[in-house]
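The primary structure of each chain is shown beneath.
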Amino acid sequence: MKVLKFGGSSLASPDRIRAVGRIILDRVKTEPLIVVVSAFQGITNDLLEAARKAEHDAPAYERTFEKIARRHRRAVGDLLGGRKIRTEVDRLLGELHDALHGIRFLGHCPPPALDLIASFGERLAALVVAAYLDRSRPARFVDARQFIVTDDQFTQANVIFGKTNRATRAHLVPRGRHAAGRPIPVVTGFIGSTLDGRTTTIGRNGSDYTAAIVGAALRASIIEIWTDVDGVLSADPNAVHSAFVLPRITYEEAMELSYFGARVLHSAAIAPAVARGIPILIKNTFNPAAPGTLISRSGSQDEPLAKGISSVGDLTLLTLRGLTMVGVPGIAERLFRALAARRVNVILISQASSEHTICFAVSHADAAAARQALRHEFRFELQHGLTALDERPNQAIVAVVGDGMKGRPGVAGKVFGALGRHNINISAIAQGASERNISCVIDAPQQARALNVVHEAFFETRKHLALVIVGVGNIGGALLGQLNQQRGYLRTHGFDVKVVGLANSKRFLLDPDGINLARWREELSASRRRMDPHLLATRIRTMGLIDAALVDCTAATDIVDAYPDFVNADMHIITPNKRANVLPWRRYDALMKLLRERRKHFLYEANVGAGLPVMSTLRDLVASGDVVAKVEGIFSGTLSYLFNTFDGTVPFSALVRQAHEMGLTEPDPREDLSGQDVARKLLILARQSGSTMDIGDVRIDSLVPGRLGRGRFSPRFFSQLAQWDRKMHDRLAAARSRGAVLRYVGTLEKDRARAAVKEFPRDHPFATTKGSDNIIAFTTRRYSHTPLVVQGPGAGADVTAMGVFSDILKLLHYLPA
């Protein structure tokens, strides 16, 4: 028998409930199931909010109730439509409304009432899921209050396991001849009842706990926890982009990771299953084909040095120090007793071998209580200056976890060395006798940076990569030349990079063994496969490539339109093509979500600044915890050349004509003069910084007079542009009179973006650029007085191909070995 638990985002919508139903119906074919469900996503919070509003006599509780009711009625309407289930849901909603009305009438919501209100989320969800399953296979709603017996510590009730185990078996173990065809029990998570029948809840994460209680009582073969991620990750993917799914970990490793911040499951919630030795499988409801993470008594056969990097922030580090503590027995006992009396949870503790100091970390919320407890307990020592209490707020813990660290020398050195090389200061260190965990306390602003540094030190050993390059013109051709030239370098550094696919606008070529880069033109020309991006993605899917990337060296929209197909074919994407990053927000957001769901990388260093490290600099600043206040720069090589050259001796329109003849502009120079290219680059930088703006939100000062922007381009454009030469000359003269120069710059600041001509003093870095150089300045919290400046050639096939090549190298370091 298996126990499957679903909840949260798995039950966020009718479509997701249908997906859950498919999983359950597929699983039940091979083994009897018990299903545990939590409330629909967000419902528990809504219920508690309604209770608080009712307690304070706020009429708004009715609106919150109606929101809850609408959500469940819509689910019934979408999924079922039957009158009977609607009646049962309405009955429960009526009970909820009466309970809320009672709280408002009393003006008080004691913990028992709060537990009763919270229970409706699970009761409604289980009722709907059971009814939905019952349409395809017999299923029944099971109220866990009938068999999970607890004490009366409301909101955090303790399970009475002896009574619970007997009652669970009585309610859920099938009996008789028809046991094999029994309905699938759909059990409410999170809730139980006291011996006298009052509703209790067993803490947040309680549905995981319910699944473990049921699984342990029935000695299930496995407990599956279905979530919205592919399993337990090596680190928080929001902070570490190269985090990967751990295929197998031990109970102890899971508890250590969850204790220090991993949110897939709570260590206390799985204790009953651990006690019985029942494996726990973490699976992704939205990607059921992913193998997930198996948690059991034994780990991997070839145990790696570490399994994961975990972290928890918003902490305060307190240190009790004094020479009078040396050799005095009972100091630690007094400390813990004082903290326990104030119900302070100690997350980490470290004591120097000299016994001169004891430091410990607590959550920021517990800091005041901890401080008061110690000041009271050690009041004599503190009053007489025998002991001091130091406090360091805004701290975080980074923990390296893995059974493979036991007895392995040099592990601590690897952690601390990596942090030290990146100037990340360590406030405290702790390691348990099991050697399974090494933890260190650092300043919270360095948390994201530290996670990336330590993760890289332990896991960045990636080797094989297959590339499919679409677009073999100037940039693509230059990239192929660089890959061919650098084959020896890549092999020397342990990287096996093969180009397994090529495509131009007419045809494509695939070879899983690798295309000969010395003859790629001939081989592509000989191919009879007509180029269609969707067909190409389908063919790649059948090749069974392990680590593969699409390298889009085109400027085409049809390739970008097919990005979802390539991602679903398990491909990362590397591109200098800006089209994807400037899609309308909904399409862009959908693509980003798909990439996250499929755990694929999207690298686009060459989108801004060609081969300059503009995007990586911004990405690293954000990932390391820095705050970007302003980005400003000369982003267009064409406009950089024009304004670097424009000194008034040659009319501006004549300079534009010369640049066009020299091949420094687009075939239609209005593309450069309009400022649209600068606007796109600003939008890309804004979105990289977390903004949701669209291209229409960027203010653009076009250098193309209104009527000249219409129609097809012809050489007459230059003579027509000459009518505005006087205006440009006067603008230059005015700037010079103020000791300034003109530059066309893009500015991103406070979620506002603008592309425009601006004046800069002659000693400003923007005034000293040459030729078609790009220059970008980042003003951040760390670089607040002197901006971080990136400058160099911002256009050209070779430098752009170099930017793409650098993204390939990045991906090699991101991929698991």
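Residues numbered from 1 in each chain as written. Predicted model: local features only at pLDDT ≥ 70, side-chain atom pairs only at ≥ 80, totals over all residues. Heavy atoms only, no water.

A. Representation of the overall build of the protein within the structure. Along its length, the protein carries 29 helices and 29 strands. A burial count over the protein gives 52% of its 817 residues as buried. Taking as baseline every contact in the protein between residues at least 6 positions apart, the subset at least 24 positions apart corresponds to 72%. Per element, the accessible surface of the protein, about 36300 Å² overall, is 50% carbon and sulfur. If the 105 positive side-chain charges of the protein are averaged to one point and the 81 negative ones to another, these points end up 3 Å apart. (Helix = DSSP H or I, 4+ residues; strand = E, 2+ residues; numbered from the N terminus. Buried < 20%, exposed > 50% of the residue type's maximum accessible area, 1.4 Å probe, protein only. Contact = heavy atoms within 4.5 Å. Areas by Shrake-Rupley, 256 points an atom, 1.4 Å probe, with all protein chains shown as cover. Lys, Arg positive; Asp, Glu negative; His and termini not counted. Charge placed at Lys NZ, Arg CZ, Asp CG, Glu CD.)

B. The arrangement of the side chain of Ser 310 in detail. Mapped onto the elements, Ser 310 comes out in strand E11 (residues 308–321). On the basis of relative accessibility, which here comes to 3%, the residue Ser 310 falls in the buried class. Separated by 2.9 Å, the side chain of Ser 310 and the backbone oxygen of Leu 257 make a polar contact. (Polar contact = N/O pair within 3.5 Å; in protein donor to acceptor, adjacent residues only side chain to side chain.)

C. Up close: the sheet that holds strand E10 (residues 293–296). As summarised here, the arrangement of the 8 strands in space is E3-E4-E2-E1-E7-E9-E10-E8, forming an open sheet in which the pairing is mixed. Edge positions in the open sheet fall to strand E3 (139–142) and strand E8 (248–250), since each of these has one partner strand only. Each neighbouring strand pair of the sheet contributes to a mean axis angle of 20°, computed without reference to strand direction. Across 3 bridges, E8 lies against E10 in parallel orientation. Pairing of Thr 250 across the sheet is with Ser 296, part of E10. (Pairing = 2+ DSSP bridges. Axes fitted to C-alpha atoms, helices over the stretch in contact; angles between N-to-C directions.)

D. Region of interest: the nonpolar core. Of all hydrophobic cores here, the largest spans 78 residues; its most connected members are Leu 536, Tyr 563, Leu 642, Phe 652, Leu 673 and Leu 685. With 7 residues, helix H26 (residues 676–688) is the largest single contributor of residues to this core. Sequence-distant contacts of Tyr 563, defined by excluding residues within four places in its chain, comprise Leu 550, Asp 552, Ile 573, Thr 575, Asn 577, Ala 580, Leu 591 and Phe 602. (Core = buried A, V, L, I, M, F, W, Y, C linked by side-chain atoms within 4.5 Å.)

E. The arrangement of a positive patch on the surface in detail. On the surface, a cluster of positive charge is made up of Lys 163, Arg 166, Arg 169, Arg 219 and Arg 276. Counting residues per element, the positive patch draws most heavily on helix H6 (residues 161–172), at 3 residues. For Lys 163, a relative accessible area of 38% translates into the label partly exposed. (Patch = residues over 30% accessible without salt bridge, like charges linked within 9 Å, V, L, I, M, F, W, Y side chains within 5 Å. Salt bridge = Lys/Arg side-chain N within 4 Å of Asp/Glu carboxyl O.)

F. A look at the packing of helix H22 (residues 614–623) against H26. Packing of H22 against H26 leaves a shortest axis separation of 10 Å and a crossing angle of 25°. Taken together, the axes of H22 and H26 lie roughly parallel to each other. Of the two possible hands of crossing, H22 and H26 adopt the one that is right-handed. In contact with Val 614, Met 615, Leu 618 and Arg 619 of H22, H26 contributes Ile 684, Leu 685 and Gln 688. Per-class residue counts for the contact of H22 with H26 are 5 nonpolar, 1 polar and 1 charged. (Parallel < 35°, antiparallel > 145°, perpendicular 65-115°, else oblique. Left-handed = near helix turned anticlockwise from the far one by under 90°. Nonpolar A, V, L, I, M, F, W, Y, C, P; charged D, E, K, R; others polar.)

G. Main features of the sheet that holds strand E25 (residues 698–700). Pairing within the open sheet is mixed, and its 6 strands lie in the order E25-E27-E26-E24-E28-E29. Only two strands of the sheet have a single neighbouring strand rather than two, namely E25 and strand E29 (788–793). Sheet twist, expressed as the average angle between the axes of neighbouring strands with direction ignored, equals 25°. With 6 bridges connecting them, strand E24 (residues 628–634) and strand E28 (residues 773–780) associate as antiparallel partners. For Glu 632, the partnering residue across the bridge sits in E28 and is Ala 777. In the packing of H22 onto the sheet, contacts are made with E24, E28 and E29, and the angle to E28 comes to roughly 5°. Running at roughly 40° to strand E26 (residues 740–749), H26 makes contact with E24, E25, E26 and strand E27 (752–761) of the sheet.

H. Quick peek at the environment of Gln 723. By the element assignment, Gln 723 lies in the loop between helix H27 (716–721) and helix H28 (725–737). In the structure, Gln 723 is positioned 169 residues away from Thr 554 in sequence and 36 Å away in space, judged by C-alpha atoms. Polar contacts involving the side chain of Gln 723 include one to the side chain of Arg 707, which spans 3.2 Å.

I. Region of interest: the packing of helix H15 (residues 474–485) against helix H29 (residues 797–814). In the contact formed by H15 and H29, the axes pass within 8 Å of each other and the chain directions differ by 60°. Compared by their axis directions, H15 and H29 come out oblique. Here the hand of the crossing between H15 and H29 comes out right-handed. Together, Asn 474, Ile 475, Ala 478, Leu 479, Gln 482 and Leu 483 of H15 and Ala 797, Asp 798, Thr 800, Ala 801, Met 802, Val 804, Phe 805 and Ile 808 of H29 make up the contact between the two elements. Partitioning the contact of H15 with H29 into residue classes produces 10 nonpolar, 3 polar and 1 charged.

J. Geometry of the packing of aromatic side chains. Scanning the model with the defined rule gives 12 aromatic pairs in all. Taken together, a centroid distance of 4.9 Å and an interplanar angle of 50° make the contact between Phe 602 and Tyr 604 tilted. Note on accessibility: Phe 602 and Tyr 604 belong to one class, buried. Arranged with centres 5.1 Å apart and planes meeting at 65°, the rings of Phe 760 and Phe 766 form a pair that is edge-to-face. A residue is classified by how much of its surface remains accessible, and Phe 760, at 6% relative accessible area, is buried. Residue Phe 766 is classed as buried on the basis of its relative accessible area, which comes to 2%. The ring of Tyr 604 carries the charged tip of Arg 619 above its face, separated from the ring centre by 5.5 Å. (Phe/Tyr/Trp six-rings, centres within 6.5 Å; stacked < 30°, edge-to-face > 60°. Lys NZ or Arg CZ within 6 Å of the ring centre and 35° of its normal.)

K. Unusual backbone geometry, seen in detail. A positive phi angle, near 55°, is found at Asp 314, a position not held by glycine. For Asp 314, the location among the structural elements is in strand E11.

L. Just the environment of Arg 528, in detail. Relative to the helices and strands, Arg 528 resides in the loop between helix H17 (520–526) and strand E20 (529–530). Separated by 21 residues in the primary sequence, Arg 528 and Arg 507 have C-alpha atoms spaced 6.8 Å apart.

M. Spotlight on the state of the cysteines. In this structure the tally under the stated criterion is 0 disulfides. Cys 440 supplies the cysteine sulfur nearest to Cys 359, a cysteine that is in no disulfide, at a spacing of 12 Å. (Disulfide = S-S within 2.5 Å.)

N. Structural view of the pattern of salt bridges. For the structure on display, the rule yields 35 salt bridges. Linking Arg 73 and Asp 90 is a salt bridge whose minimum nitrogen-to-oxygen distance equals 3.0 Å. With a gap of 17 residues between them, Arg 73 in helix H3 (residues 60–79) and Asp 90 in helix H4 (residues 83–106) connect regions that are remote in the sequence. Overall, the relative accessible area of 40% leaves Arg 73 in the partly exposed class. Note on Asp 90: relative accessible area 37%, which makes it partly exposed. Here Arg 738 and Glu 759 are joined by a salt bridge, their closest N and O atoms 2.5 Å apart. Of this pair, Arg 738 sits in the loop between H28 and E26 while Glu 759 sits in strand E27, and the two are 21 residues apart along the sequence. Looking at Arg 738, the relative accessible area reads 54%, which means it is exposed. Taking the relative accessible area as the measure of exposure, Glu 759 reaches 32% and is therefore partly exposed. It is possible to trace a salt-bridge network through shared partners that takes in Lys 2, Asp 26, Arg 27 and Glu 224.

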